[in-house]
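Fold and contact review
Single-letter residue listing:
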Amino acid sequence: MSWTITPEPFDSPVAAALWRAYYTEVSDRWYLLHTGRRTEPDELELSVAADSGAELTPPGGQLLVARYDGEPAGSAGVRLLDATTCELTRVFLYEGMRGRGGAARLVAAAEDAARALGARHLVLDTRSDLVEARALYTRLGYTETEPHNDAEYAEHWFRKSLESPGNPANQEISTSPARLN
């Protein structure tokens, strides 16, 4: 059993299915917590359509898709906020793919993609109820910090330096498909 993580067009059928699954899960979690119901279907359709992911394309961004034994399993995206900072977004694995080491591999591939875009720092936001995400980011060396945006549902903001002695930000990173075992 192995993971592969490759760039993917934001508007491919695979990317669209992953975006819908991601948005459905985080939206339903929020609504169930705050209103006791799932997201209304019409609202879900409007919200999914309103955020196409077009910013996750080169030269200012990148969408990555993780596959487990060739089957789509998850995604992550990065987009430049300024010349040295990328935002990590859409980090998601299908529920059945969790617990197999894919999340850490996906975030590492997103960090490499951010470096390839010239970023020296990666930032992200998340919510209090997404405890698994917050634990993952902390385990991977992200530090909770002051807000870098005013996103409506953001409650926690994280930052990580992408510069390290073994992998400086100006080192060229390949964005070719990687096979990860």
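Definitions and limits used
- Residues numbered from 1 in each chain as written.
- Predicted model: local features only at pLDDT ≥ 70, side-chain atom pairs only at ≥ 80, totals over all residues.
- Heavy atoms only, no water.
- Axes fitted to C-alpha atoms, helices over the stretch in contact; angles between N-to-C directions.
- Helix = DSSP H or I, 4+ residues; strand = E, 2+ residues; numbered from the N terminus.
- Parallel < 35°, antiparallel > 145°, perpendicular 65-115°, else oblique.
- Left-handed = near helix turned anticlockwise from the far one by under 90°.
- Contact = heavy atoms within 4.5 Å.
- Nonpolar A, V, L, I, M, F, W, Y, C, P; charged D, E, K, R; others polar.
- Buried < 20%, exposed > 50% of the residue type's maximum accessible area, 1.4 Å probe, protein only.
- Arc of directions from axis to C-beta.
- Core = buried A, V, L, I, M, F, W, Y, C linked by side-chain atoms within 4.5 Å.
- Salt bridge = Lys/Arg side-chain N within 4 Å of Asp/Glu carboxyl O.
- pLDDT = per-residue confidence, 0-100.

Some thoughts on the packing of helix H1 (residues 13-35) against helix H2 (residues 41-50)
The N-to-C vectors of H1 and H2 enclose an angle of 130 degrees; their axes lie 10 Å apart at closest approach. When the axes of H1 and H2 are compared, the pair comes out oblique. Crossing geometry of H1 relative to H2 is assigned as right-handed. Mapping the contact onto sequence places Trp19, Arg20, Tyr23, Thr24 and Tyr31 in H1 and Glu43, Leu44, Glu45, Ser47 and Val48 in H2. Across the contact of H1 with H2, the residue classes tally to five nonpolar, two polar and three charged.

Overview of H2
All of the buried residues along H2 are Leu44, Ser47 and Val48. Across the axial projection of H2, the buried residues extend over an arc of 100 degrees, all falling on one side. Exposed residues pointing more than 90 degrees away from the buried face of H2 are listed as Asp42, Leu46, Ala49 and Ala50. Next to the buried residues of H2 lie H1.

Focus on the nonpolar core
Core analysis: the biggest nonpolar cluster contains 27 residues, and Val78, Leu88, Leu122, Tyr137 and Tyr142 have the highest contact counts within it. If you tally residues by element for this core, the top one is helix H3 (residues 102-116), at six residues. In this structure, Val26, Val48, Phe92 and Leu130 belong to the second largest nonpolar core, which totals 10 residues.

Remarks on the pattern of salt bridges
Overall, the coordinates contain 13 salt bridges when judged by the stated rule. Between glutamate 163 and arginine 120 there is a salt bridge whose closest N-O contact spans 3.8 Å. A residue pair is termed long-range when its members are at least 10 positions apart, and glutamate 163 in the loop between strand S7 (156-161) and strand S8 (178-180) and arginine 120 in the loop between H3 and strand S5 (121-126) qualify at 43 residues. Judged by its relative accessible area of 42%, glutamate 163 is partly exposed. Sharing partners across several salt bridges, the network here consists of Glu25, Arg29, Arg98 and Glu132.

Some points on the packing of H3 against helix H4 (residues 131-139)
For the pair H3 and H4, the least separation of the axes is 11 Å and the interaxial angle reads 60 degrees. The angle between H3 and H4 places the two elements in the oblique class. Classified by chirality, the crossing of H4 by H3 is right-handed. Here Ala103, Ala104 and Val107 of H3 lie close against H4, whose contacting residues are Leu136, Tyr137 and Arg139. Considered class by class, the residues forming the contact of H3 with H4 number five nonpolar, no polar and one charged.

A look at the confidence of the model for the protein
Detailed reading of the predicted coordinates is not advisable wherever pLDDT falls low. Mean pLDDT over the protein: 88, with 90% of residues reaching 70 or higher. With pLDDT under 50 throughout, residues 165-181 is counted as low confidence; its partners more than four residues away or in other chains account for 28 contacts.

Concerning unusual backbone geometry
Across residues other than glycine, the phi torsion is negative in most instances, and most of the peptide bonds are trans. In this chain, proline 58 is followed by proline 59 through a cis amide linkage whose omega measures 10 degrees. Along the chain, proline 59 turns up in the loop between H2 and strand S2 (61-68). Phi is positive for arginine 90, close to 55 degrees, though the residue is something other than glycine. Tracing the chain through its elements places arginine 90 in strand S4 (residues 85-93).

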